[in-house]
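An overview of the molecular structure
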Amino acid sequence: MTLRLGLGLPQMPQYDPRRDVRDVARAAEETGFDSVWTFERALVPDEPLDGLYGTPGLPWPDFYRHCTDPLVTLALAAAVTDRVRLGTSVLVSGLHAPFPLARTLATLDAAGGGRVLAGFGTGWSQDEYRAAGVTAYPDRGAQLDELLDVCAAVWGPDPVAYRGRWTQIAPASVGPKPARPIPVYLAGSGGRALERVARRADGWLPGHVTGPQLALYLAKLKEAAARHGRDAGKLDVVLRVGVELTGAPLPEAGRRPYTGSPEQVLADLAGAAEAGAREVLLDLQTHCRDGAELADRAAELHGRVRAAGL
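Right, let's walk through the structure included here.

Rules and cut-offs
Counting of residues starts from 1 at the beginning of each chain's written sequence and follows it residue by residue. Local features in a predicted model are, by the rule used here, given only for residues with pLDDT of at least 70; side-chain atom pairs are given and counted only at 80 or more, and totals for whole chains, interfaces and linings are based on all residues. As a rule here, side-chain values cover all heavy atoms of the structure and leave hydrogens and water aside. Strands here mean DSSP runs of E at least two residues long; helices mean DSSP runs of H or I at least four residues long; both are numbered from the N terminus. Throughout, the radius of gyration refers to the C-alpha atoms, and the reference size of a globule is 2.2 Å times the residue count to the power 0.38. Each residue is assigned to one of three classes by its accessible area relative to the maximum for its type, calculated with a 1.4 Å probe on protein chains only: buried under 20%, partly exposed between the two thresholds, exposed over 50%. In what follows, residue pairs with any heavy atoms lying within 4.5 Å of each other are defined as contacts. Reported accessibility uses the Shrake-Rupley method at a 1.4 Å probe radius. Residues are deemed covered only where the shown protein chains occlude them. Residues scored as positive are Lys and Arg, those scored as negative are Asp and Glu, and His as well as the terminal groups of each chain are ignored. One atom stands in for each charge, and that atom is NZ of Lys, CZ of Arg, CG of Asp or CD of Glu. Note on geometry: axes are lines fitted to C-alpha atoms, helical ones only across the stretch in contact, with angles between N-to-C directions running from 0 to 180 degrees. For this classification, under 35 degrees means roughly parallel, over 145 means roughly antiparallel, 65 to 115 means roughly perpendicular, and everything else is oblique. Should the near helix be turned anticlockwise from the far one by less than a right angle, the crossing is left-handed, and should it be turned clockwise, the crossing is right-handed. Ten residue types, Ala, Val, Leu, Ile, Met, Phe, Trp, Tyr, Cys and Pro, are classed as nonpolar, four, Asp, Glu, Lys and Arg, as charged, and the remainder, Gly among them, as polar. Each residue after the first adds 1.5 Å to the expected span of a helix. Stacked, tilted and edge-to-face are the three classes applied to pairs of Phe, Tyr and Trp rings, where Trp contributes its six-membered ring and a pair requires centres within 6.5 Å; stacked means planes under 30 degrees apart, edge-to-face means over 60, and tilted covers the rest. Criterion for a charge above a ring: Lys NZ or Arg CZ within 6 Å of the ring centre, and within 35 degrees of the ring normal. The nonpolar core is taken to be a set of buried Ala, Val, Leu, Ile, Met, Phe, Trp, Tyr and Cys residues, with the residues joined through side-chain atoms within 4.5 Å.

Observations concerning the overall build of the protein chain
Across its full length, the protein chain holds 9 helices and 13 strands. Here the C-alpha radius of gyration of the protein chain, 19 Å, is about what a compact globule of 310 residues would show, namely 19 Å. Each principal axis of the C-alpha distribution contributes one length, and for the protein chain these read about 60 × 45 × 45 Å. Within the protein chain, buried positions represent 51% of all 310 residues. Considering only contacts within the protein chain whose residues lie at least 6 apart along the sequence, 70% involve residues at least 24 apart. Carbon and sulfur atoms form 53% of the exposed surface of the protein chain, whose accessible area is close to 13800 Å². The average position of the 34 basic charges and that of the 37 acidic charges among the side chains of the protein chain differ by 5 Å.

Here is the structure:
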């Protein structure tokens, strides 16, 4: 099976959303990428309550400052493309009221002709939860479960009705409907997160792991799926990786995965594919200066991956 390739759209401060999102999305489709993706970062606090990714003391990077809204960015991409799928990896569920988010995703899918992949996660920043004011950070798992229920209701036939902890929908007509059932992907690698993937998702969104690490997680996911009477082999797996290409090979000792020479990065991607990744979301935007450079580097890497037979 050929490894599907996705590309992270430009959202970071060095990019011009008036020009670069449009140009990179169009270039990705012309190059042959299967999908384009956005992520969510709402703010960067001066004095964070949490370290990066919830790791105590780990500082937040400057490139997270002033990231564009993920759904506005996808809408810009949808307007200039016809084929590539439009994914979120990920939307932080607790930053959004479930009903408006479900309607926005349905509208985007209808406008894009049935190309949305809805990727959700619970996030890790208490500062973002406090700023959004939608739900309390300790309730993030329960709120994600309700979001999934609300999406299923809103995307389904009318009349829509739902009563939950955060959302009450009296029987009503709600539109527009998605062009087709929107696939739901979930992130996270902890026990509860994998259980939720096994119970409720169409796919899993691991991030920044090596092939051997991915294989271990997929073994746990297989066990969880079996407990819920589902076949893990039918779950899609889209791995997000931050790529940094260097001119010369880096020493293997201490090398971060998916960084180094093209040959080293290709070896990492081959390992991920062998472990079970069906698609890899290549995020190159951190180390590019503008949309033109991002599009060029993405095209070069796409060509190398395909030439390598992946």
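Right, picking up where we left off after that structure.
Some thoughts on the environment of G242
Among the secondary structure elements, G242 is positioned in strand β10 (residues 236-242). With relative accessibility at 27%, the residue G242 sits in the partly exposed group. Distance from G242 to T55, taken between C-alpha atoms, is 18 Å for residues 187 residues apart in sequence. Beyond its immediate chain neighbours, meaning those up to four positions away, G242 contacts H208, P257, Y258 and D283.

Considerations on the packing of helix α7 (residues 211-227) against helix α8 (residues 262-275)
Their axes nearest at 8 Å, the elements α7 and α8 cross at an angle of 15 degrees. As summarised for this structure, α7 and α8 are arranged roughly parallel, according to the angle between their axes. Like other packed secondary-structure pairs, α7 and α8 cross with a definite hand, here right-handed. On the side of α7, the interface is formed by G211, L214, A215 and L218, while α8 contributes G271, A272 and A275. Split into classes, the residues belonging to the contact of α7 with α8 amount to 5 nonpolar, 2 polar and no charged.

Concerning helix α1 (residues 20-31)
Since one α-helical turn is 3.6 residues long, residues separated by three or four positions face the same way. In a regular helix each residue adds 1.5 Å, so 12 residues correspond to 16 Å; α1 covers 16 Å between its end C-alpha atoms and thus fits that length. Positive backbone phi, at 120 degrees, marks G32, one or two positions downstream of α1.

Structural notes on unusual backbone geometry
Looking along the chain, the bond that leaves S89 and enters V90 is cis, with omega of 0 degrees. At the junction of G175 and P176, the peptide bond is cis and its omega measures out at 0 degrees in the coordinates. Tracing the backbone through its elements, the reader meets P176 in the loop between β7 (168-172) and β8 (184-187). Of note in this structure, H66 is not a glycine but carries a positive phi near 60 degrees. For H66, the location among the structural elements is in the loop between β2 (35-38) and α2 (70-79). In this structure H66 comes out as exposed when scored by relative accessible area, which is 70%. In this structure, Y258 is a non-glycine residue whose phi angle is positive, near 70 degrees. Checked against the element boundaries, Y258 lands in the loop between β11 (244-245) and β12 (259-260). Taking the relative accessible area as the measure of exposure, Y258 reaches 2% and is therefore buried.

Details of the packing of aromatic side chains
Applying the stated criterion across every chain, the model contains 6 aromatic pairs. A centroid spacing of 5.5 Å and a plane angle of 75 degrees characterise the contact between Y53 and W124, whose relative ring orientation is edge-to-face. Of this pair, Y53 sits in the loop between β2 and α2 while W124 sits in the loop between β5 (116-121) and α4 (126-132); the two residues are 71 residues apart in sequence, bridging distant segments of the chain. For Y53, a relative accessible area of 44% translates into the label partly exposed. Ring plane angle 65 degrees and centroid distance 4.8 Å describe the contact between W60 and W124, whose orientation is recorded as edge-to-face. Of this pair, W60 sits in the loop between β2 and α2 while W124 sits in the loop between β5 and α4, and the two are 64 residues apart along the sequence. The burial state of W60 is the same as that of W124; both residues are buried. A connected cluster of aromatic rings, assembled from ring pairs, spans F39, F63 and Y64. One residue, R41, lies across the ring of Y64, its end atom 5.3 Å from the ring centre.

Digging into the nonpolar core
In terms of nonpolar packing, the biggest core is built from 84 residues, with L105, F120, W155, L269 and L282 touching the most fellow members. The biggest single contributor to this core is helix α5 (residues 140-155), with 8 residues. Apart from the residues within four sequence positions on either side, L105 is in contact with L71, L91, V116, A118, F120, W155 and I182. Formed by 7 residues, the second largest nonpolar core is a distinct cluster that contains W37, L117, L205 and L281.

Concerning the packing of helix α3 (residues 98-112) against α5
It is the contact of α3 with α5, at a shortest axis distance of 9 Å, that shows an interaxial angle of 50 degrees. Judged by the angle between their axes, α3 and α5 are oblique. Viewed along their axes, α3 and α5 form a crossing whose handedness is right-handed. In this structure, α3 uses P98, F99, L101, A102, R103, L105 and A106 to contact α5, whose residues at the interface are Q143, L147, V150, C151, V154 and W155.

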